[in-house]
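# Examination of the molecular architecture
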Amino acid sequence: GAVVSQHPSRVICKSGTSVKIECRSLDFQATTMFWYRQFPKQSLMLMATSNEGSKATYEQGVEKDKFLINHASLTLSTLTVTSAHPEDSSFYICSARSELYTGELFFGEGSRLTVL
Amino acid sequence: AQSVAQPEDQVNVAEGNPLTVKCTYSVSGNPYLFWYVQYPNRGLQFLLKYITGDNLVKGSYGFEAEFNKSQTSFHLKKPSALVSDSALYFCAVRDGHHGSSNTGKLIFGQGTTLQVKP
C-alpha cells in the first residue's frame, strides 16, 4: 500500500513554544490530507482537512490559530502547534488518500507530543 | 451526519477461536466502510474496505467483514484468532457521495480492544 511518513515520532517541548509536525506522502500525490488527534485509549478525533494550495478546513471546536496547517505541495502537509501548553499533549496522526473517492486512507506512524 | 458505533470496549477470545468485533454506522448517502488496526504507539494499518459489490469483504491477515445494509452493520470477523491479533481495532465510515462538497473525511468509531489469550 501507499506510504505516509510522519516526523517527528516523538517531541518534548516547553510550554509556550511552537512545534511543527510534518506529514509526507512518499509514493503518491495527495491533494487532501487529514489530521487527527488521539487521546490515550480513545478514538481518533478529526481536527482538520488539509487541502493543497488552499486553506485547511477545521472541525468544530478546533482552534485555527492554535493548530496551523499548511499544505504547500501535493506530498507535504504540516501541523504547527503554536504556544503549546500541557493540555496539547497528545498523539497526532496524519493521513492521506491516493484515490479521490474510493481509496482507503493511509496513516502516518503518529507523533507523540509532550508539553512540559 | 456520519457516525460509527463500536458497542464493545473490549473483546476477549481464546487463540484458535473465531472472533467478531462489532460495528454499526449511520450515513446519509451510500456508506464507504473501513476497518483499521492500531498497535501501541503506532499509526493505523488498513485491514479492509467495503465500497460496493459483494457484501462479504476479505482483507489482510485473514480478516473479513460483512456489510449488512438492513442492520447498518459492518462486523469484523476472523475464523481463527491469533495472539498476535491482539490490538485496537477501529471501524470507520465516510459518505460515498461523489461531489466537490465531499472532502472524503473518515469518521471513526471509539475503538475495540481485542485480547486474544493463548
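I will try to describe carefully the structure that is included in this document. (Residues numbered from 1 in each chain as written. Chains lettered and ligands numbered in written order. Predicted model: local features only at pLDDT ≥ 70, side-chain atom pairs only at ≥ 80, totals over all residues. Heavy atoms only, no water.)

### Here we look at the overall build of chain B
Of regular secondary structure, chain B possesses 0 helices and 12 strands. When the helices and strands of chain B are read in sequence order from the N terminus, they spell out β-β-β-β-β-β-β-β-β-β-β-β. With respect to the principal axes defined by its C-alpha atoms, chain B has extents near 50 × 30 × 25 Å. Contacts in chain B between residues far apart in sequence, at least 24 positions, make up 58% of those at least 6 positions apart. Here chain B displays about 5500 Å² of accessible surface, and carbon together with sulfur accounts for 48% of that area. Positive and negative side-chain charges in chain B, numbering 10 and 8 respectively, have mean positions lying 5 Å apart. (Helix = DSSP H or I, 4+ residues; strand = E, 2+ residues; numbered from the N terminus. Contact = heavy atoms within 4.5 Å. Areas by Shrake-Rupley, 256 points an atom, 1.4 Å probe, with all protein chains shown as cover. Lys, Arg positive; Asp, Glu negative; His and termini not counted. Charge placed at Lys NZ, Arg CZ, Asp CG, Glu CD.)

### Section: the overall build of chain A
Counting its regular elements, chain A contains 0 helices and 11 strands. The order of α-helices and β-strands along chain A, N terminus first, is β-β-β-β-β-β-β-β-β-β-β. Relative to a compact globule of 116 residues, whose C-alpha radius of gyration would be 13 Å, chain A shows 13 Å and is just as compact. On the principal axes, the C-alpha backbone points of chain A span a range of 40 × 25 × 20 Å. Per-residue burial for chain A yields a buried fraction of 53% across its 116 residues. (Rg over C-alpha atoms; globule rule 2.2 N^0.38 Å. Buried < 20%, exposed > 50% of the residue type's maximum accessible area, 1.4 Å probe, protein only.)

### Here we look at the pairing of strand E7 (residues 67-73) of chain A
Residues and elements named next belong to chain A. Across 5 bridges, E7 lies against strand E8 (residues 76-81) in antiparallel orientation. Bridge pairing links serine 73 to leucine 76 in E8. Between E7 and E8, which pair antiparallel and follow one another directly, the connecting turn spans 2 residues. (Pairing = 2+ DSSP bridges.)

### What to know about the environment of A:Tyr36
Mapped onto the fold, A:Tyr36 is located in strand E4 (residues 32-38). Since its relative accessible area comes to 1%, A:Tyr36 is described here as buried. Taking the C-alpha atoms as reference, A:Tyr36 lies 5.1 Å from A:Ile93; in sequence the two are 57 residues apart. Once you skip the residues sitting within four places of it in the chain, A:Tyr36 turns out to touch A:Leu44, A:Met45, A:Leu46, A:Met47, A:Phe91, A:Tyr92, A:Ile93, A:Ser95, A:Leu105, A:Phe107, B:Leu106 and B:Phe108. Here the side chain of A:Tyr36 touches B:Leu106 through a polar contact of 2.8 Å, landing on its backbone oxygen. (Polar contact = N/O pair within 3.5 Å; in protein donor to acceptor, adjacent residues only side chain to side chain.)

### Quick notes on the side chain of B:Ser73
Secondary-structure assignment places B:Ser73 in strand E9 (residues 73-78). If we skip the residues at most four places from it in the chain, B:Ser73 touches B:Cys23, B:Thr24, B:Tyr25, B:Glu66, B:Phe67 and B:Asn68.

### Focus on the interface of chain A and chain B
How big an interface is tends to be stated in terms of accessible area lost as the parts join. Taken together, the contacts link 24 residues of chain A with 23 residues of chain B. When the two sides are added together, the surface that chain A and chain B hide from each other amounts to roughly 1900 Å², 51% of it contributed by carbon and sulfur. In this structure, B:Arg42 engages A:Glu109 in a salt bridge whose closest nitrogen and oxygen atoms are separated by 2.4 Å. Counting across the chain A and chain B interface gives 7 residue pairs in polar contact (both at pLDDT 80 or more). When contributions to the side of chain A that touches chain B are tallied by element, the ones reaching two or more residues are E4, strand E5 (44-51), strand E9 (90-97) and strand E10 (105-107) of chain A. In terms of residue count, the dominant contributor to the side of chain A that touches chain B is E4(A) (4 residues). In terms of residue class, the side of chain A that touches chain B is made up of 10 nonpolar, 8 polar and 6 charged. (Buried area = accessible area lost by both parts, 1.4 Å probe. Salt bridge = Lys/Arg side-chain N within 4 Å of Asp/Glu carboxyl O. Nonpolar A, V, L, I, M, F, W, Y, C, P; charged D, E, K, R; others polar.)

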